[in-house]
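Each chain is listed here by its residues.
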Amino acid sequence: MSEQSDKQGRIVRVSGPLVVAENMSGTRMYDVVRVSEQKLVGEIIELKGDLAWIQVYEETAGIGPGETVYLTGRPLSVELGPGLIESIYDGIQRPLDELYEAGGDYIGRGASLPGLDREKKWKFELAENLPDQVGPGQILGQVQETVSLIHKIMVPPGVSGKLSNLNAGEYTVTDIIGQVETADGPVDLRLMQTWPVRQPRPYAKRLSPAEPLLTGQRVIDMLFPITKGGTACVPGPFGSGKTVVQHQLAKWVDTEVVVYVGCGERGNEMTDVLMEFPELKDPRSGEPLMKRSVLIANTSNMPVAAREASVYTGITIAEYFRDMGYTVALMADSTSRWAEAMREISSRLEEMPAEEGYPAYLAARIASFYERSGRTQCLAGNNGEAREGALSVIGAVSPPGGDLSDSVVQATLRVVKVFWSLEATLAARRHFPAIDWLRSYSLYKDVLGEWFEQNIAEDITEMIATTNRLLEEEAELQEIVRLVGAEALSPAEQLALETARSIREDFLHQNAYHEVDTHTSMKKQHLLLSAILNFHRQGLLAIKRGADINALISSPLREAIGRARYIKEEDIEQISNLLKQIDTELGKLSGTQQTAPAAQASPSES
Amino acid sequence: MLKEYKTVGSISGPLLLVESVTEAKFGHIVEIELPDGSIRRGQILEVDRDKLLIQVFEGTSGIDIPSSCIRILGRGVELALAPDILGRVFGGLGLPRDESPPLIAERWADINGNPINPYARDYPNEFIQTGISTIDGLNPLVRGQKLPIFSGSGLPHNRLAVQIARQATVLGSGEDFAVVFAAMGITFDEAQLFINDLTDTGAIERAVLFINLADDPTIERIATPRVALTAAEYLAFERDMHVLVILSDMTNYCEALREIAASRKEVPGRRGYPGYLYTDLSTIYERAGRIKGKKGSITMIPILTMPEDDKTHPIPDLTGYITEGQIIISRPLERKGISPPVDVLPSLSRLKDKGIGPDKTREDHADLYNQLYAAYAHGKDAQELAAVLGEAALSEMDQTYVTFAEAFEHRYISQGDYENRSIEQTLNLGWDLLTVLPKAELKRIRDEYLDKYLPQAQERTAKA
């Protein structure tokens, strides 16, 4: 960002993060400027005649009228190339680890560090069968960026022509690796390219989602699944576990790259991610999770304008990896803070506010952000192979008081396909993840049903339907119990209540901090749910034969079902055995044999 | 020689508009000399060409347009720092309030501080034993955490905060500690409760107090928590101390902020509070924490009284989104005579999982609190059901849970102001209470811990 044009502006007004400068005619909207001798980074957000309104990404105390504004003539952009993975950036892609080395414990002002390491040399290998004529997205070669990720080097969007002088070798990100003879003259190729953050990166074709994004979280995978390339939102009041859900997803989603944007949230939470990710193993590659992650941290106390930029920085990086043909997941925690940053800037611009003081363009901005997700056929040059990439976006929303009528929640719900509603009441009874099974939904269920039946088990759609029905029935029965008491229920209804409780406590509830329970494979999820539903089915048959409901409820098998989720993945045949045991033992149960199972049950009650 | 301006254009509420000013910078501090010769301080909120908007900390009464004189000091609001701030009492802007002579500053620091680089943070994971079961057992506090107390008018939140300040220790460490107390708009009596207790225990020697009482200037309160945290940062990160910061009462702070926003005619957000309340609060709360390679830490306990005990009011709501959990004080429990009346179910410590477990507290701690929570929640539900249908309508199991919930409130939550329970006592008490439930109900606890701890507890309860 060192390049400067000769023209300079002069500050006339400073109000918090908003600076107004004169002598700015000829500049463009969203151009980056450097404010005062301290070279604070800012972006033009309004132009009026000779005046420009600038949002400054850093603290503006000590800045006053008369100081200079330096123009760069370029929009806010990110650097894309080897070195992104394992990085931790602030909202405008300044590496926080290097800021720490250079500037100490606190974030000073005017620090200017490039997003990608300029010194480090990468080993660039040429792709095979490169054509003479190349176009945007053509893969030229690759760099082994981390053990888990091969970084594909692509022709930047908008560049096509004859390829020349491309050689393998050791390069820094700024070294020239070759050239493309375009119609407008030669363009140098480097390992790095830049892209303006507010503009979506191009792709060849948008495709419909087809595969689930597996998370190892039972309530999500089974009841409210999201797809590769899909969108989801997690609204909930504070303390309902939004961040834990986001962290769990960042840890366990089966994608090749994860971009985690901590947007206006707690500093210690980012530290938690920073400390944990290098230690935790990616369930697929067995390598540390950090080897596939990019972190953007703009905590709540960092400058508010940079918070506004952070989600765009994050999604541009995510799109770049999608363009290589990878599946990518982006978590943004929390989009409410992003919206609040928009509101703050808007109110300083003295724009007419819409609902709750938010600007009128709030919904449009949210929609266009989520629409940058999707499963796509990537640009692949002139005759490059067609490759598919997918970018899923999962946004947390923090509505005031947990009120879902909040503008940000409503604007988000209009665009996303999956809604995980977090409830304070569930969190208060430590039911985590506190995703409400009655209010949440996933519009991908139908698309994914077929995939699940083919890849997991044939009976899975039916099981999920039964589960939903039992949970629904539980809500109705509880209403009756509240009015007239439990004894008014028939034995079959009592069993339904107990099974629903078992679904909630033994299946939907999942302990993120338990070494086994934190992640469950689809196979194990299917077995666990089978055990619960098997018990229900066999129990109903036993009741028909005249068995006592209390004998069923106090069966020691139920305790075994309750503990099955702690069984390690390598021992899951124990759950299969439990399934058989349920069949044989409940099969024996009938009106005449009541005493035997009752005696069996007694040890657990002592 | 500083330039003086006698160009006050208008005065409105706590704001001054000054005209024809040259070389003013945003955020800098000004001195205002009144016609009677007294000096007040203010801060520049906005510079627009040659016009300045100034918020006056001590209020604008007595300031006039023709003869008041403004001097721009060319720096932000700063606090004098030196090791001997310990044991001193300051006003809300950081000027000495006690009789002792002014400080000889080692250095001056801008009270706004700078955001801590998230990469420089060290994760808080040292368990602080407060001796209070509802905190240690269920919502453990760790060094570097910010854990607010959400309370209501007339509830004993200050007594709880005092008890924490008195009893807090880190197991097996005898390191330097200090208490920084910032009073914002609280009454003399409330402030005196803290001061007396600190004096009685001798802790006053290791405390720094910043006092802005209810009858002190309102706008000064905007600076008070920042002044206190600047002192805390100095003690923690330059003097290697473990600092406990108590901010009381954040509600008054937010109201002062609203007053400024209203006088600036800003577009109001919810309940008239400015839209940037979240950002503003975070620049206070996020100053708690630990830093890599530094011995000290800042642990923060902000206290706020929720208007009408409403947790969704913007102040507790936005606070909850920034802080790492919350301790909620309950009026119904207070009426039942349970003290401290901590409402266990909605209270939460987000950092608990990092601060507990083997070597820190005990291996069974996490499973145990999960089980206690689940069981108490079940018991409360059953109690509600009984209130509607009568106790006879409850199943046997539900009745057992009701018994558990009652015992839990009276034996576990309730404890005296001076009762300092060790973590071992708190954990064992939890197990003792769980013995009334059948073993099959204890699903949240691993088998190995059940086998190890349950028989001991059964033995203890059998003896009693």
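Source: prediction; values computed, not measured.

1. Examining the overall build of chain A
Within chain A one finds 17 helices and 26 strands. For a compact globule of 606 residues, the expected C-alpha radius of gyration is about 25 Å, and chain A comes in at 28 Å, within 12% of that figure. Scored against the burial criterion, the 606 residues of chain A give a buried share of 61%. Looking at chain A alone, contacts between residues at least 24 apart form 71% of all its contacts between residues at least 6 apart. Computing the positive centroid from 60 side-chain charges and the negative centroid from 84, chain A places the two 1 Å apart.

2. A short note on the packing of helix α10 (residues 445-455) of chain A against helix α11 (residues 460-484) of chain A
All names here are of chain A. Their axes nearest at 8 Å, the elements α10 and α11 cross at an angle of 130 degrees. Viewed along their axes, α10 and α11 adopt a mutual orientation that is oblique. Residues Lys445, Gly449, Phe452 and Glu453 of α10 form the contact with α11, whose own contacting residues are Ile460, Thr461 and Asn468. Its residues assigned to classes, the contact of α10 with α11 shows two nonpolar, three polar and two charged.

3. Considerations on the interface of chain A and chain B
Many authors give the size of an interface as the accessible area that is lost as the parts come together. The partner chain B presents 76 residues to the 80 residues of chain A that form the contact. Roughly 6700 Å² is buried in total at the junction of chain A and chain B, and carbon and sulfur atoms are behind 52% of that figure. On the chain A side of the contact with chain B, A:Phe238, A:Asn268 and A:Arg430 bury the most area, a combined 13% of that side's loss. Linking chain A to chain B there are ten salt bridges. The interface formed by chain A and chain B includes 34 residue pairs in polar contact (both at pLDDT 80 or more). Of all elements in the fold, only β1 (8-15), α1 (96-103), α4 (267-276), α5 (304-323), α6 (335-348), α11, α12 (491-508) and α15 (556-563) of chain A reach the threshold of two or more residues within the side of chain A that touches chain B. The biggest single contributor to the side of chain A that touches chain B is α4(A), with nine residues. A per-class count over the side of chain A that touches chain B returns 29 nonpolar, 23 polar and 28 charged. When β1(A) meets strand β5 (residues 39-48) of chain B, the two strands line up antiparallel, connected through two bridges.

4. Quick word on the sheet that holds strand β17 (residues 207-213) of chain B
Residue and element names in this part refer to chain B. Taken in spatial order, the eight strands line up as β9-β17-β16-β18-β20-β14-β21-β22 in an open sheet, and their pairing is mixed. One side of each edge strand has no neighbouring strand; the edge strands of this open sheet are β9 (89-91) and β22 (348-349). Taken together, the two bridges between strand β21 (residues 325-328) and β22 define a ladder with antiparallel strand orientation. Paired with glutamine 326 across the strands is leucine 348, a residue of β22.

5. Examining helix α12 (residues 423-434) of chain B
All names here are of chain B. In this model α12 runs 17 Å from its N-terminal to its C-terminal C-alpha over twelve residues, within 8% of the 16 Å that 1.5 Å per residue would give. For α12, a buried count of ten out of twelve residues is recorded, marking the element as mostly surrounded by other parts of the structure. Where α12 is concerned, the buried positions are Ile423, Thr426, Leu427, Asn428, Leu429, Gly430, Trp431, Asp432, Leu433 and Leu434. Among the structural elements, β12 (127-129), α1 (133-138), α10 (365-389), α11 (396-413) and α13 (447-463) are those in contact with the buried residues of α12.

6. Considerations on the domain arrangement of chain A
Its domain assignment divides chain A into domain 1 (8-75), domain 2 (205-443) and domain 3 (460-605). Placing the centre of domain 1 of chain A and that of domain 3 of chain A at their C-alpha centroids yields a distance of 65 Å.

7. Regarding unusual backbone geometry
Of the consecutive residues A:Asp333 and A:Ser334, the connecting peptide bond is found in the cis state with omega at 10 degrees. Relative to the helices and strands, A:Ser334 resides in the loop between β22 (327-333) and α6. Note that the residue after A:Phe432, namely A:Pro433, is joined by a cis bond; omega there is -10 degrees. One non-glycine residue, B:Asp309, adopts positive backbone phi at about 55 degrees. Locating B:Asp309 in the fold gives a position in the loop between β20 (297-305) and α7 (314-322).

8. A few points about a negative patch on the surface
Together, A:Glu450, A:Glu453, A:Glu458, A:Asp459 and A:Glu462 line one region of the surface with negative charge. By the element assignment, A:Glu453 lies in helix α10.

9. Some points on the pattern of salt bridges
Per the counting criterion, the structure on display carries 74 salt bridges over all chains. Here A:Glu559 ties to A:Arg563 by a salt bridge, and the two come within 3.6 Å at their closest N and O atoms. In this pair, A:Glu559 and A:Arg563 both sit in helix α15, four residues apart, roughly one turn of the helix. With a relative accessible area of 15%, A:Arg563 lands in the buried category. Its salt-bridge partner being B:Arg206, residue B:Asp176 comes within 3.5 Å of it at the nearest N-O pair. Taken together, the residues B:Asp176 in the loop between β15 (169-170) and β16 (177-186) and B:Arg206 in the loop between α3 (188-200) and β17 connect sequence positions 30 residues apart. Overall, B:Asp176 belongs to the partly exposed group, its relative accessible area being 40%. Of the residues examined, B:Arg206 reaches a relative accessible area of 26% and is grouped as partly exposed. Beyond isolated ion pairs, a larger network of salt bridges with shared partners links A:Glu498, A:Arg501, A:Glu505, A:Asp506, A:Arg558, B:Glu441 and B:Lys443.

10. Some remarks on the sheet that holds strand β13 (residues 161-164) of chain A
For sheets, the rule is that strands pair by backbone hydrogen bonds, running either parallel or antiparallel. Residue and element names in this part refer to chain A. Pairing in this open sheet of four strands is antiparallel, and the strands run β10-β13-β15-β16 from one edge to the other. In the strand order of this sheet, the two ends are held by β10 (133-134) and β16 (185-190), each with one partner. The pairing of strand β15 (residues 176-182) with β16 spans six bridges and is classified as antiparallel. Bridging from a neighbouring strand, glutamate 181 pairs with proline 186 of β16.

11. Section: the packing of helix α6 (residues 277-285) of chain B against α7(B)
All names here are of chain B. Taken N-terminus to C-terminus, the directions of α6 and α7 make an angle of 50 degrees; their axes are 10 Å apart at the nearest point. If you check the angle between α6 and α7, you find them oblique. Between α6 and α7 lies a crossing whose hand is right-handed. From α6, Leu277, Tyr278, Leu281, Ser282 and Tyr285 reach across to α7, where they touch Leu318, Thr319, Tyr321 and Ile322. For the contact of α6 with α7, the residue count by class is seven nonpolar, two polar and no charged.

12. Focus: the packing of aromatic side chains
Enumeration over the complete set of coordinates arrives at 16 aromatic pairs over all chains. B:Lys292 extends its terminal NZ or CZ atom over the ring of B:Tyr119, reaching a point 3.9 Å from the ring centre.

About the criteria used
Residues numbered from 1 in each chain as written. Chains lettered and ligands numbered in written order. Predicted model: local features only at pLDDT ≥ 70, side-chain atom pairs only at ≥ 80, totals over all residues. Heavy atoms only, no water. Helix = DSSP H or I, 4+ residues; strand = E, 2+ residues; numbered from the N terminus. Rg over C-alpha atoms; globule rule 2.2 N^0.38 Å. Buried < 20%, exposed > 50% of the residue type's maximum accessible area, 1.4 Å probe, protein only. Contact = heavy atoms within 4.5 Å. Lys, Arg positive; Asp, Glu negative; His and termini not counted. Charge placed at Lys NZ, Arg CZ, Asp CG, Glu CD. Axes fitted to C-alpha atoms, helices over the stretch in contact; angles between N-to-C directions. Parallel < 35°, antiparallel > 145°, perpendicular 65-115°, else oblique. Nonpolar A, V, L, I, M, F, W, Y, C, P; charged D, E, K, R; others polar. Buried area = accessible area lost by both parts, 1.4 Å probe. Salt bridge = Lys/Arg side-chain N within 4 Å of Asp/Glu carboxyl O. Polar contact = N/O pair within 3.5 Å; in protein donor to acceptor, adjacent residues only side chain to side chain. Pairing = 2+ DSSP bridges. Expected span 1.5 Å × (residues − 1). Domains from an automatic or database assignment. Patch = residues over 30% accessible without salt bridge, like charges linked within 9 Å, V, L, I, M, F, W, Y side chains within 5 Å. Areas by Shrake-Rupley, 256 points an atom, 1.4 Å probe, with all protein chains shown as cover. Left-handed = near helix turned anticlockwise from the far one by under 90°. Phe/Tyr/Trp six-rings, centres within 6.5 Å; stacked < 30°, edge-to-face > 60°. Lys NZ or Arg CZ within 6 Å of the ring centre and 35° of its normal.

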